[in-house]
Amino acid sequence: MKALAFYAKRDLRYEDVPDPVIEKDDDVIVKVKTVGICGSDIARYRNLGPYVPGNVWGHEFAGEVASVGAGVTSLKPGDRVVGCPNMVCHECAACRSGHPSRCEKLNTIGAYVPGAFAEYIKLPAKNLIRMVDGMSYEEGALTEPATVAIHGLYQSNIQMGHSVAVVGCGNIGLMCIAWSKAFGAKTVYALDLDDAQLELARKFGADVTINTADVDFHDEIRKHCDGVDLAIESAGNAFTAARVLGLPRKGGQVIYMGIPYADVPVPRFYFEKIMRNELNIVGSWCTISAPYPGKEWENAVDYIGHHKVKVTDMITHQVKLSEGPAIFEAIMENPRNFGKVLLYPELDRQ
Ligand SMILES: [Zn+2]
Ligand SMILES: [Zn+2]
């Protein structure tokens, strides 16, 4: 089959790789209908993160079950599914205590095991969630980034009526805005440097947008309120990772979701907010909870599939899988021109 395999920094190749075959009783092979490019893929393409040379990439996908192992009773060929890319051991202390996202052996498809930038992918049956009727494959592919935001919000103590500030309106930030509303936020503030992205943030439910060029985060939010109940860092940037500490009210919360891929120097003014304002600082990692893969997946499929939360406005490009290498290079040149990019393996067969 054809797939996109990653060899080295800025070296992604569309090439022939072996077809996956059923080996274990719980194996399921899925025909990939569409697969999204993630911000973490772009970071790894540019900087090199963990990877195995020649491994197939991609972890945000939806598809149709092609074949199942002898022990699979929950799925059958033809079923439409989304895939949870996070694999855990189910045996370590974290897994046994109901926190699979903290698994000692956490693994994600695309990093060490073959991913979904391919015509077919193989996963254990428990990693696949059936799509609801009326849910498109595009919505299916956006389920994984939605679960990143939902998992983060489940780490918070968000309640109906709360105010939330989302720093960084990339795809994960947009998800955080939409899902904060679903969790009951009354007012969502969206912060970004890019006016076009802030415009999009409004479509995802932001009530107030703040362009952060030349503004002090702490003072600017206090033109609107006494600080927010919850501030979410979804920019993955060293500068905002420090400034986000200026956004919550006294006793408020900060959730770190973005990965800065850099040291984070924190000015004293912002660091002292942790003590002086008795902030509650929380980290969030991946998408899963117990019972695996968790309520993140169940709710993402339900809310997106039944259009209670609309997420497809972030899609800017829909291209053939073979165009993957060129589009990664184009993203390097002009990242702001790209929202969510979806790749379609079947388009290369037409
Ligand atoms: Zn991702
Ligand atoms: Zn584990």
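Residues numbered from 1 in each chain as written. Chains lettered and ligands numbered in written order. Predicted model: local features only at pLDDT ≥ 70, side-chain atom pairs only at ≥ 80, totals over all residues.

Structural notes on the overall build of the chain
So, point 1. Within the chain one finds eleven helices and 18 strands.
So, point 2. The proportion of buried residues among the 350 residues of the chain is 47%.
So, point 3. In the chain, 72% of the contacts between residues at least 6 apart in sequence involve partners at least 24 apart. (Helix = DSSP H or I, 4+ residues; strand = E, 2+ residues; numbered from the N terminus. Buried ≥ 20, exposed ≤ 12 C-beta atoms within 10 Å, placed from the backbone. Contact = placed C-beta atoms within 7 Å.)

Notes on the environment of Gly 39
So, point 1. Within the element layout of this structure, Gly 39 appears in helix H1 (residues 39-47).
So, point 2. Separated by 301 residues in the primary sequence, Gly 39 and Lys 340 place their C-alpha atoms 9.0 Å from one another.
So, point 3. The contacts of Gly 39, once residues within four sequence positions are left out, are Gly 170, Asn 171 and Ile 172.

With respect to the pairing of strand E16 (residues 280-283)
So, point 1. As defined by bridge partners, strand E15 (residues 248-256) adjoins E16 across four bridges and the pair is classed as parallel. Considered in E16, the bridge of Val 254 is made with Ile 281.
So, point 2. In terms of handedness, the path from E15 via helix H9 (residues 268-276) over to E16 forms a crossover that is right-handed. (Pairing = 2+ DSSP bridges. Right-handed = clockwise from strand over helix to strand, strands pointing away.)

Let's talk about the packing of helix H4 (residues 143-155) against helix H10 (residues 295-305)
So, point 1. Where H4 contacts H10, the two axes come as close as 9 Å, and the packing angle between them is 120°. Considering their axes alone, H4 and H10 lie oblique with respect to each other. Crossing of H4 against H10: the hand is right-handed. Facing H4, whose interface residues are Thr 143, Ala 146, Thr 147, Ile 150, His 151 and Tyr 154, H10 presents Glu 296, Trp 297, Asn 299, Ala 300, Val 301 and Ile 304. (Axes fitted to C-alpha atoms, helices over the stretch in contact; angles between N-to-C directions. Parallel < 35°, antiparallel > 145°, perpendicular 65-115°, else oblique. Left-handed = near helix turned anticlockwise from the far one by under 90°.)

Digging into the sheet that holds strand E4 (residues 55-56)
So, point 1. One open sheet accounts for three strands, arranged E2-E1-E4; its pairing is antiparallel. Pairing within the sheet leaves two strands with one partner each, and these edge strands are strand E2 (11-16) and E4.
So, point 2. As paired elements, strand E1 (residues 2-8) and E4 share two bridges and run antiparallel to each other. Paired with Ala 5 across the two strands is Val 56, which belongs to E4.
So, point 3. The sheet contacts of helix H11 (residues 324-333) involve E1 and E2, and relative to E2 the element is tilted by about 165°.

Quick notes on the domain arrangement of the chain
Put simply, an interface is often sized by how much accessible area is lost when its parts join up.
So, point 1. Each assigned domain of the chain is listed with its residue range as follows: domain 1 (2-142 + 311-349) and domain 2 (149-283).
So, point 2. Each of domain 1 and domain 2 has a C-alpha centre, and these two points are 28 Å apart.
So, point 3. With ten residues of domain 1 at the interface, the matching set in domain 2 holds eleven residues.
So, point 4. Looking at which element gives the most residues to the side of domain 1 that touches domain 2, the answer is H1, with three residues.
So, point 5. Classifying every residue of the side of domain 1 that touches domain 2 gives three nonpolar, four polar and three charged. (Domains from an automatic or database assignment. Nonpolar A, V, L, I, M, F, W, Y, C, P; charged D, E, K, R; others polar.)

Things to note about helix H6 (residues 195-203)
Along an α-helix, residues three or four apart share an orientation, since each turn contains 3.6 residues.
So, point 1. Considered for burial, the residues of H6 that qualify are Gln 197, Leu 200 and Ala 201. In an axial view of H6, the angular spread of the buried residues amounts to 110°, which keeps them on one side of the axis. Among the exposed residues of H6, those oriented more than 90 degrees off its buried face are Asp 195 and Ala 196. (Arc of directions from axis to C-beta.)

Quick word on unusual backbone geometry
So, point 1. Geometrically, the link from Ala 290 to Pro 291 is a cis peptide bond, its omega value of -5° lying close to zero.
So, point 2. In this structure, the amide linkage connecting Tyr 292 to the following residue, Pro 293, adopts the cis form with an omega of 0°.
So, point 3. For Pro 293, the location among the structural elements is in the loop between E16 and H10.
So, point 4. The phi angle at His 90 is positive, at roughly 65°, despite the residue not being glycine.
So, point 5. Tracing the sequence through the fold places His 90 in the loop between strand E7 (86-87) and helix H2 (93-96).
So, point 6. C-beta crowding within 10 Å serves as the criterion here: with 13 such atoms nearby, His 90 is assigned to the partly exposed category.
So, point 7. Although it is not a glycine, Cys 286 adopts a positive phi angle of roughly 55°.

Re the pairing of strand E6 (residues 80-83)
So, point 1. Taken together, the three bridges between strand E5 (residues 60-68) and E6 define a ladder with antiparallel strand orientation. Note that in E6 the partner of Ala 62 across the bridge is Val 82.
So, point 2. As paired strands, E6 and strand E10 (residues 128-130) are joined by three bridges and run antiparallel to one another. Bridging from a neighbouring strand, Val 82 pairs with Ile 129 of E10.

Side note on the environment of Ser 156
So, point 1. Among the structural elements, Ser 156 can be located in the loop between H4 and strand E11 (163-167).
So, point 2. Put simply, Ser 156 and Val 319 are 163 residues apart on the chain and 36 Å apart in space, counted from C-alpha to C-alpha.
So, point 3. Apart from residues no more than four positions distant in its own chain, Ser 156 is found in contact with Leu 230, Gln 253, Ile 255 and Val 282.

Section: the packing of H4 against helix H5 (residues 171-182)
So, point 1. Close contact between H4 and H5 brings their axes to 8 Å; oriented N to C, the two are set at 55°. Accordingly, the angle class assigned to the pair H4 and H5 is oblique. Pair H4 / H5 crosses with right-handed handedness. On the side of H4, the interface is formed by Pro 145, Ala 146, Val 148, Ala 149, Ile 150, Gly 152 and Leu 153, while H5 contributes Asn 171, Ile 172, Met 175, Cys 176, Trp 179 and Ser 180.

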